[in-house]
Amino acid sequence: MKRDKIIELSNKCIANTYNRYPITLVKGRGLKVWDSEGKEYYDFVSGIGVNNLGHCHPQVVEAIKKQVGELIHTSNLYYTLPQVEMAKLLTKKSFADKVFFCNSGAEANEAAIKLARKYSKDHYGEDRYEIITMYQSFHGRTIATISATAQERFHKGFEPLLSGFRYVPFNDLPAVEKVINSRTCAIMVEPIQGEGGINVPDKDYLKGLREICFSKRLLLIFDEVQTGMGRTGKFFAYEYFGTSPDIMTLSKSLGGGIAIGAMLSREEAASSFTPGSHASTFGGNPLACAAGVAAMKAIDKNVLSHCKRMGDYFTRRLKKLKDKYSFIMSVRGTGLMIGLELNFPASGITEECLKRGFLINCTMERVLRFLPPLIIKAKEIDKLIVVLDDIFEKIKNKDSSHPLPSGSEKFSFSSLRGHV
Ligand SMILES: Cc1ncc(COP(=O)(O)O)c(C=O)c1O
């Protein structure tokens, strides 16, 4: 079927919840994807941090092929080997003793919210249910997780939200201490905020939250849905911060591209979940877990150190662009989770990159977000830098006679079309 027909049918039959780019992707290998017209793209989005090993990693493909011929799904009423293998790997690589499997990041966070409430009620009584979360956070799209997400744009139209969340600024320990009260049961935070613009906290921030949680007997929840599975150059981002949580949520690249989510916890908290407390029909099914086991095994020490090296290299090259163009406000991130903040809306730049064969993402309107596969090579990063440099140069020249757009003014790329 031709691209235009697919787009027409999609607009007709699929819920209108996404602003999609006008291409239909048909194939992916490593860093590259191809559209239905045969055009090749370098993928610096990775399905928003899902394809950490690149598209169709051979070990993941092999594991899926093998499992699909054996057993695709069985209910959680029975035991399966892939699920146990996956849980064993996760607990071995992390602080955790127990894993609850589900299908997405939002579901993992739902499970974390439920466990925090249940544990707190079990140990401290009925009136302890509030969870502190951070401005610019993102925890998912269900009613509980948009309520946890401290960004108004995700709330609009869906009120009343679930009660029991208190919002404070990210990277601000005194603000956390100020809102703790007799109802507080947990603190939930992304070690590095992703959707909120790639915000890296101070080195001691998470440790500070850990100490607050110890002294006030609160549970500490890390949402590593985006930062986990090697994205930052460590298997889990919390490893950079010299501390660990009581509960951690994972999803995105956990299944090597197959949908799976997980909530990990220490034994003491985990014991508040008993048969009937929580469940998921598909959670941790054999196919997803076989893919996940293969993906976890493939993210080895070499992949992690390569990710860190490439992340440092990419950041250095972007910082050089920042030195050259005054409209770049900052370059920030860890490993291959990198943001470049502009002083004008960035959507025109993602469109221009798409035209030139590069998939990049934009978040918080002005932040270009780069989440390439961890296996990316320096020369592939160089290719994108050349393209960005050229686009930025044209913006600079275009605007030399006029001040650059700032504030919320919409910068129009259309005047540059044909030149770039
Ligand atoms: C940190 C974080 N938590 C949760 C989610 C929600 O994950 P999902 O879309 O799989 O529900 C996301 C998705 O972007 C995320 O980045």
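Residues numbered from 1 in each chain as written. Predicted model: local features only at pLDDT ≥ 70, side-chain atom pairs only at ≥ 80, totals over all residues. Heavy atoms only, no water.

A. Region of the structure containing the overall build of the protein chain. Each helix and strand counted, the protein chain has 13 helices and 15 strands in total. Relative to a compact globule of 420 residues, whose C-alpha radius of gyration would be 22 Å, the protein chain shows 22 Å and is just as compact. Seen through its C-alpha atoms, the protein chain measures out along the principal axes to roughly 65 × 55 × 45 Å. Here the protein chain holds 420 residues, and the buried ones make up 53% of them. Restricting to contacts in the protein chain with at least 6 residues of sequence separation, those with at least 24 account for 70%. Split by element, the accessible area of the protein chain, about 19,400 Å² in all, is 53% carbon and sulfur. Here the protein chain contributes 58 positively and 45 negatively charged side chains, and the mean placements of these two sets differ by 4 Å. (Helix = DSSP H or I, 4+ residues; strand = E, 2+ residues; numbered from the N terminus. Rg over C-alpha atoms; globule rule 2.2 N^0.38 Å. Buried < 20%, exposed > 50% of the residue type's maximum accessible area, 1.4 Å probe, protein only. Contact = heavy atoms within 4.5 Å. Areas by Shrake-Rupley, 256 points an atom, 1.4 Å probe, with all protein chains shown as cover. Lys, Arg positive; Asp, Glu negative; His and termini not counted. Charge placed at Lys NZ, Arg CZ, Asp CG, Glu CD.)

B. Broad picture of the side chain of Arg 369. Examined against the element boundaries, Arg 369 turns out to sit in strand E15 (residues 367–370). Side-chain polar atoms of Arg 369 contact the side chain of Gln 226, separated by 3.0 Å. When neighbours within four sequence positions are excluded, Arg 369 is seen to be in contact with Phe 44, Ile 48, Gly 194, Glu 195, Ile 198, Gln 226, Ile 338, Ile 360, Asn 361, Cys 362 and Thr 363. (Polar contact = N/O pair within 3.5 Å; in protein donor to acceptor, adjacent residues only side chain to side chain.)

C. The arrangement of the pattern of salt bridges in detail. One pass over the structure, following the stated rule, counts 20 salt bridges. The shortest N-O distance in the salt bridge between Lys 98 and Glu 267 comes to 3.2 Å. Of this pair, Lys 98 sits in strand E4 (residues 98–102) while Glu 267 sits in helix H9 (residues 267–270), and the two are 169 residues apart along the sequence. As a salt-bridge pair, Arg 369 and Glu 195 come within 3.6 Å of each other at their nearest N and O atoms. (Salt bridge = Lys/Arg side-chain N within 4 Å of Asp/Glu carboxyl O.)

D. Local environment of the site of the ligand. Looking at the ligand, the residues that line it are Ser 104, Gly 105, Ala 106, Asn 109, Phe 138, His 139, Gly 140, Glu 190, Asp 223, Val 225, Gln 226 and Lys 252. One nitrogen or oxygen atom from the main chain of Ala 106 is found 2.8 Å from an oxygen atom belonging to the ligand. For the ligand, the accessible surface in isolation is 390 Å², of which the surrounding protein chains cover 82%. The leading source of residues in the shell around the ligand is helix H5 (residues 105–124), at 3 residues. Along the lines of polarity and charge, the residues of the shell around the ligand split into 3 nonpolar, 6 polar and 3 charged. (Near = heavy atom within 4 Å. Nonpolar A, V, L, I, M, F, W, Y, C, P; charged D, E, K, R; others polar.)

E. Main features of the nonpolar core. With 88 residues, the main nonpolar core has Ile 349 and Phe 392 as its most contacted residues. Looking at which domains feed residues into this core, each of domain 1 (3–56 + 301–416) and domain 2 (58–298) gives three or more. Ignoring anything within four residues of it in the chain, the contact list for Phe 392 reads Leu 321, Tyr 325, Phe 327, Ile 328, Leu 340, Leu 342, Ile 349 and Leu 368. (Core = buried A, V, L, I, M, F, W, Y, C linked by side-chain atoms within 4.5 Å. Domains from an automatic or database assignment.)

F. Structural view of the domain arrangement of the protein chain. Examined at the domain level, the protein chain breaks down into domain 1 (3–56 + 301–416) and domain 2 (58–298). Just the C-alpha atoms count here: the centres of domain 1 and domain 2 sit 27 Å apart. Taken together, the 27 residues of domain 1 in the interface contact 31 residues of domain 2. Between domain 1 and domain 2 lies a buried interface of about 2,200 Å² when both sides are counted; carbon and sulfur atoms form 60% of it. In this structure, the connection of domain 1 to domain 2 is made through 1 salt bridge. Along the contact surface separating domain 1 from domain 2 lie 11 residue pairs in polar contact (both at pLDDT 80 or more). Put simply, the parts of the chain that give the side of domain 1 that touches domain 2 at least two residues each are helix H2 (46–49), helix H11 (301–324), strand E11 (328–334), strand E12 (337–342) and E15. With 4 residues, the top contributor of residues to the side of domain 1 that touches domain 2 is H11. Residue composition of the side of domain 1 that touches domain 2, grouped by class: 15 nonpolar, 9 polar and 3 charged. (Buried area = accessible area lost by both parts, 1.4 Å probe.)

G. Just helix H8 (residues 205–216), in detail. Given a rise of 1.5 Å per residue, 12 residues ought to cover 16 Å, and the 16 Å separating the end C-alpha atoms of H8 matches this to within 8%. Residues of H8 that are buried include every one of Tyr 205, Leu 206, Gly 208, Leu 209, Arg 210, Ile 212 and Cys 213, and no others. Here the buried face of H8 lies against strand E5 (130–134), helix H7 (173–179), strand E7 (184–189) and strand E8 (219–223). Phi turns positive one or two residues past the end of H8, at Arg 217, with a value near 55 degrees. (Expected span 1.5 Å × (residues − 1).)

H. Layout of the packing of aromatic side chains. Following the criterion strictly, the structure yields 16 aromatic pairs and no others. Seen in terms of ring centroids, Phe 44 and Phe 358 are 6.2 Å apart; in terms of plane orientation they differ by 45 degrees. Their pairing is tilted. In this pair, Phe 44 sits in the loop between strand E3 (40–43) and H2 while Phe 358 sits in strand E13 (residues 358–359), placing the two residues 314 residues apart along the sequence. With respect to burial, Phe 44 and Phe 358 carry one shared label: buried. One aromatic cluster in this structure is built from Tyr 42, Phe 44, Phe 314, Phe 358 and Phe 370. (Phe/Tyr/Trp six-rings, centres within 6.5 Å; stacked < 30°, edge-to-face > 60°.)

I. Geometry of the sheet that holds strand E9 (residues 247–250). Taking strand neighbours across the sheet as the criterion, the 7 strands line up as E4-E10-E9-E8-E7-E5-E6 in an open arrangement whose pairing is mixed. Edge positions in the open sheet fall to E4 and strand E6 (165–168), since each of these has one partner strand only. Put simply, the sheet's adjacent strands are angled 20 degrees from each other on average, direction ignored. Pairing geometry for E5 and E7, over 3 bridges, is parallel. Bridge pairing links Ile 132 to Ile 187 in E7. Here helix H4 (residues 81–93) sits on the sheet and contacts E4, E9 and strand E10 (261–265); the angle it forms with E4, its principal contact strand, is near 125 degrees. (Pairing = 2+ DSSP bridges. Axes fitted to C-alpha atoms, helices over the stretch in contact; angles between N-to-C directions.)

J. A look at the pairing of E11. The buried fraction of E11 amounts to 5 of the 7 residues, a majority that puts the element mostly inside the structure. One ladder, built from 6 bridges, connects E11 with E12; its direction is antiparallel. Its bridge partner lying in E12, Ile 328 is registered against Leu 342. Two successive antiparallel strands, E11 and E12, enclose a turn made up of 2 residues, where Gly 335 displays a positive phi of approximately 60 degrees.

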